[in-house]
Amino acid sequence: MVKSFIPKTLTEAAAIRKETGAVPIAGGTDLMVRYRNIAGTLPTFPWPVMYISNLEELKGISKEHDIVVIKAGTELSVVCESALVHPVLRDAVRQMAAPALRNLGTLAGNICNASPAGDANCVLYALGAEIELATEKSMRRMLLSDFITGPGKTELRADELMTAIRIPVHKETVSFYKKVGTRKANALSKLSCAGLLSVENGTISDMRLAVGAVAPVVVRSAELEKSIQGMNIDKFSENEESLFQAYSDLIVPIDDQRSTAEYRKTVACGLIKEFFRLIKEELS
Amino acid sequence: MDHNLSQDFIHGRIGTPVKRLDAVEKAGGYAKYIADMDFGTVLFSRLIRSTKSRARLVNVSIPPLPEGYYYISRKDIPEGGENRLHMITDDWRVFAEDEVRYIGETIGLLVGPDKSLLLKLESMIEIEYEESIPAFTIDESLNLKGGSIYGDDNLFADYHLQKGAGNIDSVFSGSSRIIEDEICTGFQEHVYMETQGMVGFFEDGKYVITASCQCPFYMRKAVAGVLAVDLDKIVVRQAVTGGAFGGKEHFPDVIAGPLVVALHVIKKPIQIIFDRKEDISFTAKRHPSRIRFKTALDENNKIVGMDIDIAINAGAYQSCSHIVLQRAVFSINSVYDIPNVRIRGRAVATNTFPSDAFRGFGAPQGIFACEMHMSHIARDIGIDDVAFKKYYFTVTGGLTVTNGTIHEDVKLPEMLDKILKASDYERKNLEYGKGNGRAISMSFYNHGGGFTGDGEKEIIKAKVRLKKHSNNQVSIYIANVEMGQGFQTTCSKVAAKVLGIPLADILYETPDTSISANSGPTVASRSMMIVGKLVQTAAEKLLVDWASDSEHTVEVDYVQPDGVEWDGNNFQGDAYPAYGWGICAVEVVVDPITHEVDTEGVWTVHDVGIPIDDLIVHGQVHGGVIQSLGYGSLEKLEIRNGAFYQNTLADYIIPTTMDFPSIHSDLVENPYEHGPFGAKGLGELVFDGAAAAYAAAVQKAIDKKISRIPVNPEYILSLRRK
Amino acid sequence: MQEITFTLNGKIITVTENPSSRLLDILREKLGLTAVKEGCGEGECGACSVLKDGKLVNSCIVPIGAVQGVDIVTLEGIRDTEEGKCIIDSFAESGAVQCGFCTPGMVMASAALLRTTPKPNEYQIREALSGNLCRCTGYNMLITGIQLAAKRGEGIW
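All chains use their own residue numbering, which begins from 1 and follows the written sequence. Chains and ligands are labelled by the order in which they are written, letters from A for the one and numbers from 1 for the other. In view of the model being predicted, local features appear only for residues whose pLDDT reaches at least 70, and side-chain atom pairs are presented and counted only at 80 or more, with totals across whole chains, interfaces and linings using the full set of residues. Processing note: side-chain calculations cover all non-hydrogen atoms of the structure and skip hydrogens and water entirely.

Describe the interface of chain B and chain C, listing the residues and the values that go with them.
Facing the 56 residues of chain B at the interface are 43 residues of chain C. Together chain B and chain C conceal approximately 4000 Å² of surface at their shared face, both sides included; 56% is due to carbon and sulfur atoms. Reported buried area values correspond to the accessible surface (1.4 Å probe) lost by two parts on association, with both partners' losses combined. The largest per-residue losses of area from chain B upon contact with chain C belong to Ala27(B), Met193(B) and Thr657(B), which jointly make up 18% of the total buried on that side. Salt bridges are defined by distance alone: a side-chain nitrogen of Lys or Arg within 4 Å of a carboxyl oxygen of Asp or Glu. Between chain B and chain C we count four salt bridges in total. Between Asp36(B) and Lys37(C) there is a salt bridge, and its shortest N-O distance comes to 2.7 Å. For the side of chain B that touches chain C, the elements supplying multiple residues, two or more each, are α2 (23–27) and α17 (614–633) of chain B. Helix numbering and strand numbering both begin at the N terminus, where a helix is a DSSP run of H or I of at least 4 residues and a strand a DSSP run of E of at least 2. Tallying contributions element by element places α17(B) first for the side of chain B that touches chain C, with eight residues. Tallied by class, residues from the side of chain B that touches chain C come to 24 nonpolar, 19 polar and 13 charged. Any pair of residues with heavy atoms lying within 4.5 Å of one another is described as a contacting pair. Classification used: nonpolar for Ala, Val, Leu, Ile, Met, Phe, Trp, Tyr, Cys and Pro, charged for Asp, Glu, Lys and Arg, polar for all others including Gly.

Below, the structure is given as structure tokens:
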């Protein structure tokens, strides 16, 4: 039987993490399901765990200059109601799971789970989100896109806890988000797509495009986005085909019990085309 | 509806709604389902199942068991007992013998007081198999892949029928055009919200089982022979049942068999309750079907003949597959009177989990295929599908595929008028066109109430008993269960109305084989039509001799009404005494990029004779239609390496509140003289048509032929690409 | 094993349990509160819904360790209140109950909704119930039941 802890403070949690490697459980919407057993039995966690959902120090959303800081234990239902949070992220979170699960789950938990099908991840990537990791004695930050390295794999160290998600404030001219779920509510994602476009004086000043669940990690290309900067309608139309092809080459989905590679690829490409159409519309 | 328990129905229309008898108990959380009931100290259990689809069972090695833990298997069946469940056929074994035929087949039962230890012991069991080549699909079965599983030809049933006396082959050779088609449907899981469960104990020489079930008497019959005891040594009591839909008709036998053997050995209370993943993975499903049509048209594009080949995937044991096949065959022309029809029906054996009863019982498969095929013909000849289909509507006196007649008034034209108006079909159809991403279509369907032919007379022989107590309350002792469909309330209403006493004075006694009259199973949409009628008759008898302050018991046996002629050997004549009828219209919008479908509207009109309770009847319509829309659009259940691939509720998806709009439900009245107050069956009718209406609407919206369900976005994409 | 103290249906209680035990199991098996049901054990069906600090949650995935100092309300805690009776009676009169297995969860979800949105429109009702599965009713009469409760219960929430 593994040990379980209920730390009373963040400091205590960090100490327990260091001493035992206990995995932090906030909402439990992933881990309590993955390791569950039959009714009346305990989940079979292969490591010690600590329950941190009641740590007040890990709750809250605030703004530090141009960064919105979402503390790691903040429930999804709080995130989607907060006026500080970017509207596209709120939209994405509102479509995650179901009301009761949003009252338990957290973005941090979702990120650490690192499922390629994680709904909100493509929006967080598009917004250039950073995560904050802390140990007893230190703290570091890194881009979310550097933190998740593969399906179920992150850069989280054995003595670290995720303490916050930090999202730069972003104002775009046009935003685009689509989640394609298995049904209209309480649905796992087959794929998701987030696009943010800023246009100034008929040229693209900023463009971000991220697609989720179509590759081992969220697809976003800084290179392609940079190449689009400064384009006007003519330049963009000229390059549209090769740009589309470049994105298409990054979309490498799989077949699974929810959908097929063919569907995911075709629809992802269709959504990218739709975003490009919105870009052209905005540029003209 | 301001009355607490409206008594208006007693002197007025029976359909005037009452507050359901079980509603407050359930909504307040007081109702105790099997997992809530207190049986004192019980032992828990784990079914040990085959992990191979087809293999010789070489060795089963059980770890040393601590005191108080048991492993029950075939060796524990007592002298004289059989390793067979007496369902309709006797082929389903209680425990696997020398070979296993599907993933999930019961090999043994592990019993003990601590669940965690049971799980640990379960993981230590080692089973050695010698695998052979399994067959999973209808084609693989017909090709005898891996050698035959059953008999020489893998056919549990092979039926040949012909409607009309014409020469089908010459009809075809003389025709102008032949349209060929193949329509397929897949597995469907019941997803009753309460999983399978039962508790058994041994008391006073009897094996007493309390179960979430539809048919206590079926269960008793299924397992008595396993222990070689008389029927009265097995007592089965129904627990409050959280949904069934046919999934608790025969399947509980499969759990009860090992349970009674365990009780025989251990003689202590034992509980078997399934986990959801276990339930999806290891219970019977709706039969997949593959139905092929060859339809001959004359020079005016009128149907002059049909040649139909129906195949259903029965899985590894026959269970009731031949009866499901019969209903698929009998429903293959839906509401149409089509001349010169030749039908072949086969139920094939495969190495998949045996399929069994599920609301509709073969009719949804037959009707889906018929409706889609008719819409394909309409498409091919360039007519709107509704306009095409209505030409073939049967009428009173119309011939059925079994050369019987439709005896009742057929209200289809009136129903069609109603639904055309309610859905604004004609204007929309014209405006939306074809292939523009938005469309509306309809399906037409009927469902024969009760057991096929003379099943009620020859096999079931239903009895009901009513007892008047000296305080003037009346108990109903019958076998039909309340499983959500409202039967406890509607049956009680029938008795109350005849007797003229308050509903609160009718006591619907929980079905229990030791005290109930055997009125037969809660299946086949027979409860109200057949048993309700018997209750009405019994109440009328009770009334004749009604004397205050005295006790009086009345029993009534089923008598088949005159005029129903049936030859059960050749399937000729009137398969059913009466039919429920339905029309469902669905309007959809299909997204051009994601191919997701938004259902904008659903309308229905049904003829169920007379509604015994408006709220209950419309509630059944809503539920049946949504369940059918799930079958048609969301519920994909695939077999991967012999096992069900979508085996959690995250992956096997049923409709949520957001997936479909509210259903418009309308009725036409058409009293059936042999039904209680004119009522006919409806429980399955309301499931039979919506999937086809949905598919037909999407078909029009994308202007591509749809030939299978579920019509999910992946399928739509693949069609649009063609 | 740890001592976990929380408020349950208005009373403060302490249980001694492994913190990873599911709240659902503690409620049903240790405390005899069987209104809450297990429909799936994976947070997908809502039959196990309770209120945690006033918010709807699935008790099958809440570990008891997360319940320290928290306020839990089950159906037993609201069915005798004005609010609970209003919802239950409205359900009963609207045909919202068939097999009844999903109903306790639906009552909790309705209570959670009406507390924040006393006059919900159809979309809001559907969204609030979107994590509660029902296989019998097709949801129509659950919606009309909640609309009736909202109408009758003016001032309760």
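Having seen the structure, we can now continue with the description.
Outline the sheet that holds strand β4 (residues 99–100) of chain B, listing residues and values.
Residues and elements named next belong to chain B. Paired strands, as defined in this entry, are two strands with at least two bridges between them according to DSSP. Pairing within the open sheet is antiparallel, and its three strands lie in the order β4-β2-β6. Each of the sheet's edge strands pairs with one partner strand only, and the pair in question is β4 and β6 (126–131). By the bridge criterion, six bridges tie strand β2 (residues 55–61) to β6 in an arrangement that is antiparallel. In the sheet register, Asn59 faces β6, and the bridge partner there is Glu128.

Pulling in residues and values, what's your account of the confidence of the model for chain C?
Confidence scores labelled pLDDT are given residue by residue by the predictor and lie between 0 and 100. Averaged over all residues, the pLDDT of chain C equals 97, while 100% of them reach at least 70. Model confidence for the complex is summarised by a pTM of 0.98, with the ipTM given as 0.98.

Quick one: what's the story with the packing of aromatic side chains, residue by residue and with numbers?
Pairing of aromatic rings covers Phe, Tyr and Trp, the last through its six-membered ring, and needs centres within 6.5 Å; plane angles under 30 degrees mean stacked, over 60 mean edge-to-face, and all others mean tilted. The full count for this structure, using the stated rule, is 33 aromatic pairs over all chains. Relative to Phe101(C), the ring of Tyr33(B) lies with its centre 5.0 Å away and its plane at 90°, an arrangement referred to as edge-to-face. Here Phe101(C) lies in the loop between α3 (82–94) and α4 (103–116) and Tyr33(B) lies in the loop between α2 and β1 (44–49), a pairing that spans two chains. Accessibility assignment for this pair places Tyr33(B) and Phe101(C) in one class, buried. Ring centres of Trp92(B) and Tyr317(B) lie 5.7 Å apart, and the angle between their planes is 25°; this geometry places the pair in the stacked category. Separated by 225 residues along the polypeptide, Trp92(B) in the loop between β3 (70–72) and β4 and Tyr317(B) in the loop between β14 (303–315) and α9 (321–330) bring together distant segments of the chain. Residue burial is assigned from relative accessible area. The probe radius is 1.4 Å, only protein chains are included, and a residue is buried under 20% of its type maximum, exposed over 50%, and partly exposed in between. For Trp92(B), a relative accessible area of 1% translates into the label buried. An aromatic cluster is present here, built from Tyr159(B), Phe330(B), Trp566(B), Phe571(B), Tyr576(B), Tyr579(B) and Trp581(B) joined pairwise through their rings. One cation-aromatic arrangement involves Lys248(B) over Tyr192(B); the distance from NZ or CZ to the ring centre is 4.5 Å. As a reminder, the over-ring test applies to NZ of lysine and CZ of arginine, requiring each to be within 6 Å of the ring centre and within 35 degrees of the ring normal. The cationic tip of Lys267(B) hangs over the ring face of Phe202(B); the distance from NZ or CZ to the ring centre is 4.9 Å.

Tell me what's going on with the interface of chain A and chain B, and back it up with residues and numbers.
At the junction of the two partners, chain A supplies 28 residues and chain B supplies 27 residues. In total, chain A and chain B occlude about 2400 Å² of area from one another, counting both sides; carbon and sulfur atoms represent 55% of this. When the area that chain A buries against chain B is broken down by residue, the three leading residues are Arg183(A), Lys184(A) and Gln257(A), summing to 30%. We note a salt bridge from Arg36(A) to Asp275(B), for which the minimum N-O separation is 2.8 Å. Residues adjacent in sequence count toward polar contacts only when both atoms are side-chain atoms; beyond that, a polar contact is any pair of N or O atoms within 3.5 Å, and within protein one must be able to donate a hydrogen and the other to accept it. Linking chain A to chain B there are 16 residue pairs in polar contact (both at pLDDT 80 or more). Only β11 (174–181) and α11 (261–283) of chain A provide two or more residues apiece to the side of chain A that touches chain B. By residue number, the principal contributor to the side of chain A that touches chain B is α11(A), which donates seven residues.

Break down the pairing of β14(B) for me, citing the residues and quoting the values.
Residues and elements named next belong to chain B. Buried residues dominate β14, accounting for twelve of its 13 residues. Remark: five residues form the turn of the hairpin made by strand β13 (residues 289–297) and β14, two consecutive strands paired antiparallel; Asn301 in that turn has positive phi of roughly 60°. Alignment of β14 against strand β15 (residues 341–349), held across nine bridges, turns out to be parallel. Note that in β15 the partner of Asn313 across the bridge is Val348. Throughout, right-handed denotes a crossover for which the path from the first strand over the helix to the second runs clockwise when the strands point away from the viewer. For the crossover that starts at β14, traverses α9 and ends in the parallel β15, the hand is right-handed.

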